[in-house]
Amino acid sequence: MSKIITGFLLALIPLLSFSQTTLQSPSEFLGYELGDRFTRHHEMVNYYEHVSDAVPHFQLIEYGRTNEHRPLIALVMSSKENMAKIEELRLNNLRRTGLIEGTATDDGTAIVWLSYNVHGNEASSLDASIKTVYDLADMSNAKMQEWLKNTIVIIDPCINPDGRERYVNNYYETANITSNPNGDSKEHREPWPGGRANHYLFDLNRDWAWQTQIESQQRMKLYNQWMPHVHVDFHEQGYNNPYYFAPGAEPFHLVITNWQRAFQTMIGKNHATYFDKEGWLYFTKEFFDLFYPSYGDTYPTFNGAIGMTYEQAGHGFAGLGIKTEDGDTLTLKDRLTHHYTTGLSTIEITSKNAKRVTQEFQKYFDEKGNNKYQSYVIKGSNNQDKIDRLLSWLDSQQIKYGSASGSKSSKGFDYLNNKSATFQVSGNDIIISANQPKSKLLTVLFEPKSKLPDSLTYDITAWAIPYVYGLESYASIESIGQRQYEAPIKKSFADSEKTPYAYVSQYKSLDDLKFLSAVLQKGIKTRIAQKAFSIGGQSYDIGSIVITRKNNEYYPGDLKKNLMSLAKKHRRSLALVYTGFMDQGADFGSSSYYQITAPKIALLGGPQTSSLSFGELWHYFEKEIEYPVNVIYTDYFSRISMDSYDVLIVPNGYYKLFNESTLNNIRAWVAKGGNLILIENALKSFADQPGYGLKKYANEEQKKATEEEVKERKVKEELNRYAEEERNSISESISGVIYKTSMDNTHPLGYGYSDHYFTLKNAASHYAYLPNGGNVAVIKNPSAYISGFAGINAKSKIDESLVFGVEKMGAGNVVYMVDNPLYRDFWENGKLLFGNAVFIVK
Ligand SMILES: [Zn+2]
């Protein structure tokens with residue numbers, strides 16, 4: 001048929017539908033055999049569009065775009081009969097969960113969701129998805145069409161397009177014409193930061209629950225519309241390893257049901273039949289545990305699915321082919337064939353058990369209210385911005401909440417004070433009932449102490465949400481009555497014709513910081529209150545923002561208009577004040593208000609920096625507080641002049657950059673007024689260095705005692721059995737543990753906080769209190785430990801140690817951050833603190 005279509009004919013196309021596309025195989029469509037090349041992301045999208053044209057009853061969804069504007073897609077596949085009533089099937093499934101009203105009918109249709117390429121450089125899985133989709137779209141394939149009669153398959157071919165394209169681009173830039181299997185060859189060595197993470201270098205397989213990244217936010221909306229029964233996250237691991245599939249390794253989180261365990265085993269056994277036939281090596285039940293709730297296996301699991309990780313040998317090293325230890329060459333074709341095999345086997349075994357799968361899924365949601373705690377109480381007296389952020393996150397989880405129906409006394413657990421307590425509930429408190437569809441997810445995310453059946457896990461072990469947000473909260477053993485949530489009415493200040501003497505705003509939350517960031521970017525000079533004050537019946541805490549007309553008399557725009565519109569945009573209650581004479585506290589002319597202006601920021605990135613830590617900072621400036629940042633890479637850092645920057649941020653990293661001369665130069669720059677911010681491991685390069693006040697040990701005595709202790713332990717360990725080695729080493733380790741630090745909130749780094757700060761510790765590094773400086777957050781004693789796994793030796797090291805400190809050096813400052821307040825961007829309570837380091841510390 002002629003391809004030339006006139007305008008007249010075009011209008012008739014939907015009626016005539018004469019241009020039915022016939023399905024092409026991937027090689028027909030792409031022009032090469034799968035595995036001969038890495039398929040580019042846009043070519044994959046083209047193929048999926050082709051499949052949805054050729055099989056019109058399949059539904060192709062573009063559910064979002066990445067930071068680099070690539071489409072995020074998912075293909076919904078089932079039989080023609082099912083697809084004709086797909087909306088009803090979807091809603092029926094949501095009724096099983098109780099997320100929507102109504103009674104589910106037992107239609108027995110299972111939903112399998114396959115997610116590929118969450119880690120960009122684990123690149124075989126996008127190609128595996130193409131092979132899988134082709135088979136499912138092939139109407140002559142009777143076996144698979146039979147599966148689709150009782151199963152809906154949703155394929156997300158690439159969760160992380162930006163990372164995958166970074167990997168593939170680099171591969172093609174460096175690879176020989178014929179791929180070279182020698183692992184030393186450049187094509188097998190990715191440059192910093194590698195293709196694993198997304199644009200902002202976040203590991204999307206740690207982001208399912210927190211949804212800090214645009215890919216996760218958009219995907220989870222779609223996921224929650226479907227709530228699949230089986231979810232697979234396809235990965236790759238070291239290229240010498242055998243294939244890994246379910247069942248997962250201990251520790252399993254304790255809310256995981258017997259059925260979830262049992263079906264994982266059934267799935268694994270089904271895969272094994274195929275692998276046995278081919279003689280392919282595999283392993284199960286080891287290493288990949290089901291504990292940390294933000295993975296692509298655990299998060300679906302806590303949402304009622306059978307959530308699994310499959311790991312193929314390969315990874316960023318493997319290219320199109322690589323020589324393995326045993327002398328074979330592992331090819332892309334091998335890799336994608338294995339993932340293709342487990343993908344189809346997952347659909348097969350689910351289809352064979354579809355009825356049971358749906359029934360057990362419903363049961364998962366019927367079993368609730370059997371937790372120790374029946375309600376969680378978030379005090380309405382907490383900062384409203386923090387509450388709002390929590391509530392919008394709860395919305396993204398589909399966790400329901402309300403306002404307390406009245407005042408009463410209740411019993412349970414006091415998060416802030418880490419103990420059992422009797423507490424008062426009042427009418428403006430927020431109540432989250434454990435008796436709701438997402439009850440188990442809620443339990444996992446809110447339980448005060450994560451129940452760890454075994455201490456060997458490879459991720460953080462504490463994440464209770466009240467600590468993440470730093471909110472006064474309680475877990476109650478009783479069910480507390482609630483009504484529909486009512487947000488408090490925001491105070492607004494009346495405008496008048498008069499020109500104000502000053503403008504005043506609180507400074508206690510990330511939203512206040514965003515407002516400050518916007519004000520500074522407008523070139524408005526701002527002052528920060530070093531003491532509390534009150535005016536017009538309103539009291540303001542230390543750290544409050546004061547903008548006086550006097551400081552801004554040469555401001556080129558309309559100061560009032562600009563400030564009012566920024567306040568509106570950022571939903572701030574900006575008070576217009578007509579006098580400098582305070583009811584209480586220092587008058588606005590006092591020196592206790594210090595001036596700040598917009599700082600010019602240099603952020604160190606590139607090799608030697610931790611790409612994750614760098615990415616968190618980059619994302620923080622661009623997406624959280626929307627403030628311009630200059631990224632400077634380590635390879636040319638020593639050639640630029642620091643004189644044009646006010647702030648230098650050194651992320652966590654493994655540095656060789658900081659030799660004697662660099663340390664001296666930086667010190668001289670700080671002395672002239674620079675603010676240096678060091679995070680986690682970056683401190684190592686500066687500790688015990690001439691001119692810097694940071695010390696590993698407070699004195700010689702402490703140093704000696706620690707060295708003695710380490711020596712003794714080593715002797716003891718050598719006597720231990722080899723098999724126990726892994727367990728011995730964890731006595732030294734800390735896996736994401738929460739500590740309650742004592743905080744000096746009269747120091748600018750602590751402005752906006754109370755007298756404590758919950759920190760997430762990821763390393764056992766110990767630094768002494770600063771002898772001459774602000775010890776703003778410190779761990780004073782063993783009772784500071786709140787939850788998570790800390791090895792016994794690591795724990796003892798951390799007592800009496802610095803967490804956040806500021807050392808004054810000439811006209812500038814060094815801010816030492818032993819812990820990372822922006823960890824994975826989910827640690828909400830650290831975001832203001834980091835802003836303090838950038839803007840407020842003087
Ligand atoms: Zn992976």
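Residues numbered from 1 in each chain as written. Predicted model: local features only at pLDDT ≥ 70, side-chain atom pairs only at ≥ 80, totals over all residues. Heavy atoms only, no water.

1. Topic: the overall build of the protein chain
The helix and strand tally for the protein chain stands at 25 helices and 36 strands. With respect to the principal axes defined by its C-alpha atoms, the protein chain has extents near 85 × 65 × 60 Å. Classification of the 842 residues of the protein chain by burial places 59% in the buried group. Put simply, of all contacts in the protein chain between residues at least 6 apart along the chain, 77% involve residues at least 24 apart. Carbon and sulfur atoms make up 50% of the accessible area of the protein chain, which amounts to about 34000 Å² in all. Counting 89 positive and 96 negative side-chain charges, the protein chain places the averaged centre of each group 5 Å from the other. (Helix = DSSP H or I, 4+ residues; strand = E, 2+ residues; numbered from the N terminus. Buried < 20%, exposed > 50% of the residue type's maximum accessible area, 1.4 Å probe, protein only. Contact = heavy atoms within 4.5 Å. Areas by Shrake-Rupley, 256 points an atom, 1.4 Å probe, with all protein chains shown as cover. Lys, Arg positive; Asp, Glu negative; His and termini not counted. Charge placed at Lys NZ, Arg CZ, Asp CG, Glu CD.)

2. Quick word on a negative patch on the surface
Together, E700, E707, E708 and E712 make up a region of like negative charge exposed at the surface. Its place among the elements puts E712 in helix α22 (residues 700–718). (Patch = residues over 30% accessible without salt bridge, like charges linked within 9 Å, V, L, I, M, F, W, Y side chains within 5 Å. Salt bridge = Lys/Arg side-chain N within 4 Å of Asp/Glu carboxyl O.)

3. Structural notes on the packing of aromatic side chains
Counted by the stated rule, this structure contains 54 aromatic pairs. Taking the centre distance of 5.0 Å and the plane angle of 70° together, the rings of Y292 and Y295 count as edge-to-face. Summarising the burial analysis for this pair, Y292 and Y295 share the class buried. Where F413 meets Y415, the ring centres are 5.4 Å apart and the plane angle is 85°; that geometry is what we call edge-to-face. Accessibility expressed as a relative area gives 1% for Y415, which makes it buried. Clustering of aromatic rings is evident, with ring pairs tying together W210, Y292, Y295, W393, W463, Y469, Y823, F826 and W827. One Lys or Arg, K131, reaches over the ring of Y340 and ends 4.5 Å from the middle of that ring. Directly above the ring of Y645 sits K600, whose terminal nitrogen or CZ lies 5.0 Å from the centroid. (Phe/Tyr/Trp six-rings, centres within 6.5 Å; stacked < 30°, edge-to-face > 60°. Lys NZ or Arg CZ within 6 Å of the ring centre and 35° of its normal.)

4. Digging into the coordination of the zinc ion
Donor atoms from the polypeptide that coordinate the zinc ion comprise H119 (ND1), E122 (OE), E122 (OE) and H235 (ND1), at 2.0 to 2.4 Å from the metal. For the zinc ion, the four donor atoms in the first shell make angles of 58 to 159° at the metal, so the coordination geometry reads as irregular. Counting residues between consecutive donors of the zinc ion along the chain gives the motif H-x2-E-x112-H. Note that E122 is positioned in the loop between β3 (110–115) and α6 (124–137) and H235 in strand β5 (residues 230–237), a separation of 113 residues in sequence. (Donors = N, O, S within 2.8 Å, 3.2 Å for Na, K, Ca; no water. Tetrahedral: all angles 85-135°; square planar, octahedral: opposite > 155°, others 65-115°.)

5. What to know about the nonpolar core
One recurring pattern in soluble globular proteins: nonpolar side chains tend to sit buried together. With 145 residues, the main nonpolar core has F446, I649 and F834 as its most contacted residues. The residues contacting I649, other than those within four sequence positions of it, are I601, A602, L603, L604, L617, F621, I677, I679, F834 and V838. Residues M44, Y116, L126 and I155 belong to the second largest nonpolar core, which totals 58 residues. (Core = buried A, V, L, I, M, F, W, Y, C linked by side-chain atoms within 4.5 Å.)

6. So, the side chain of N224
Position of N224 among the secondary structure elements: in helix α9 (residues 214–226). With sequence-adjacent residues up to four places away left out, N224 is seen in contact with L94, S396, Q398 and K438.

7. Concerning the pattern of salt bridges
For the coordinates displayed, the defined rule picks out 35 salt bridges. The shortest N-O distance in the salt bridge between K333 and D36 comes to 3.7 Å. One end of the pair, K333, is in helix α12 (residues 332–352); the other, D36, is in the loop between α2 (26–30) and α3 (41–54), and 297 residues separate them in sequence. Here K333 falls in the partly exposed class, since its relative accessible area comes to 36%. A relative accessible area of 43% means that D36 is categorised as partly exposed. When the shortest N-O distance is used, the salt bridge between R95 and E88 registers 3.2 Å. Classification of E88 as partly exposed rests on a relative accessible area of 41%.

8. Points about the environment of T634
Residue position: T634 is located in helix α20 (residues 634–637). You can call T634 buried: its relative accessible area is 8%. Taking the C-alpha atoms as reference points, T634 and E807, 173 residues apart in sequence, are found 24 Å from one another. Not counting chain neighbours up to four residues away, the residues in contact with T634 comprise L604, G605, G606, P607, Q608, T609, Y655 and L657. A polar side-chain atom of T634 sits 2.5 Å from the main-chain carbonyl oxygen of P607. (Polar contact = N/O pair within 3.5 Å; in protein donor to acceptor, adjacent residues only side chain to side chain.)

9. Brief notes about the sheet that holds strand β14 (residues 402–404)
Pairing between the strands of a sheet is mediated by backbone hydrogen bonds and can be parallel or antiparallel. Here seven strands make up an open sheet; going across it, the order is β16-β15-β18-β13-β17-β14-β19 and the pairing antiparallel. The sheet is open, and its two edges are formed by β16 (419–425) and β19 (482–483), each paired on a single side. Note: β14 against strand β17 (residues 430–433), two bridges, orientation antiparallel. Bridge assignment links S403 to a residue of β17, and that residue is I430. Across the sheet, helix α15 (residues 439–446) is in contact with β13 (375–378) and β17; its angle to β13 comes to roughly 55°. (Pairing = 2+ DSSP bridges. Axes fitted to C-alpha atoms, helices over the stretch in contact; angles between N-to-C directions.)

10. Brief notes about the packing of helix α19 (residues 611–624) against helix α25 (residues 831–840)
At a closest axis distance of 12 Å, the pairing of α19 and α25 adopts a crossing angle of 90°. When the axes of α19 and α25 are compared, the pair comes out roughly perpendicular. Contacts from L617, Y620, F621 and E624 in α19 reach K831, F834, G835 and V838 in α25. Residue classes in the contact of α19 with α25 are distributed as five nonpolar, one polar and two charged. (Parallel < 35°, antiparallel > 145°, perpendicular 65-115°, else oblique. Nonpolar A, V, L, I, M, F, W, Y, C, P; charged D, E, K, R; others polar.)

11. Examining the sheet that holds strand β20 (residues 502–505)
Taken together, the five strands give an open sheet; going across it, the order is β25-β20-β24-β21-β26, and neighbouring strands pair in antiparallel fashion. Of all the strands in the sheet, the pair left with one neighbour each is β25 (575–577) and β26 (593–596). On average, each strand axis in the sheet is tilted by 30° relative to the strand beside it, whichever way the strands run. Bridge analysis of β20 against strand β24 (residues 545–548) gives four bridges, and the strand direction is antiparallel. For S505, the partnering residue across the bridge sits in β24 and is I545. On top of the sheet, helix α18 (residues 559–569) reaches β20, β24 and β25; it is set at about 15° to β20, its chief contact.

12. Brief notes about the pairing of strand β31 (residues 734–743)
Counting buried residues along β31, eight of its ten residues qualify, which places the element largely inside the surrounding structure. Note that β31 and strand β34 (residues 785–790) share four bridges and pair antiparallel. Its bridge partner being in β34, Y739 is matched across the sheet by Y785. Relative to strand β33 (residues 774–779), β31 runs antiparallel, the two being bridged by two bridges. Within β33, the residue paired with M743 across the bridge is A777.

13. A short note on the environment of S754
Structurally, S754 is set in the loop between β31 and β32 (756–761). Under the relative-accessibility criterion, S754 is labelled partly exposed at 34%. Counting along the chain gives twelve residues from S754 to S742, while the straight-line C-alpha distance between them is 9.3 Å. Non-local contacts of S754, meaning those with residues more than four positions away in its chain, are made with M743 and N745.

14. Concerning the side chain of K379
Structurally, K379 can be placed in the loop between β13 and α14 (384–397). Among the residues examined, K379 registers a relative accessible area of 9% and is labelled buried. Not counting chain neighbours up to four residues away, the residues in contact with K379 comprise I387, Q424, V425, S426, D429, E472 and Y474.

15. Some words on the environment of N435
Checked against the element boundaries, N435 lands in the loop between β17 and α15. Between the C-alpha atom of N435 and that of E367, which follows or precedes it by 68 residues, the distance is 9.3 Å.

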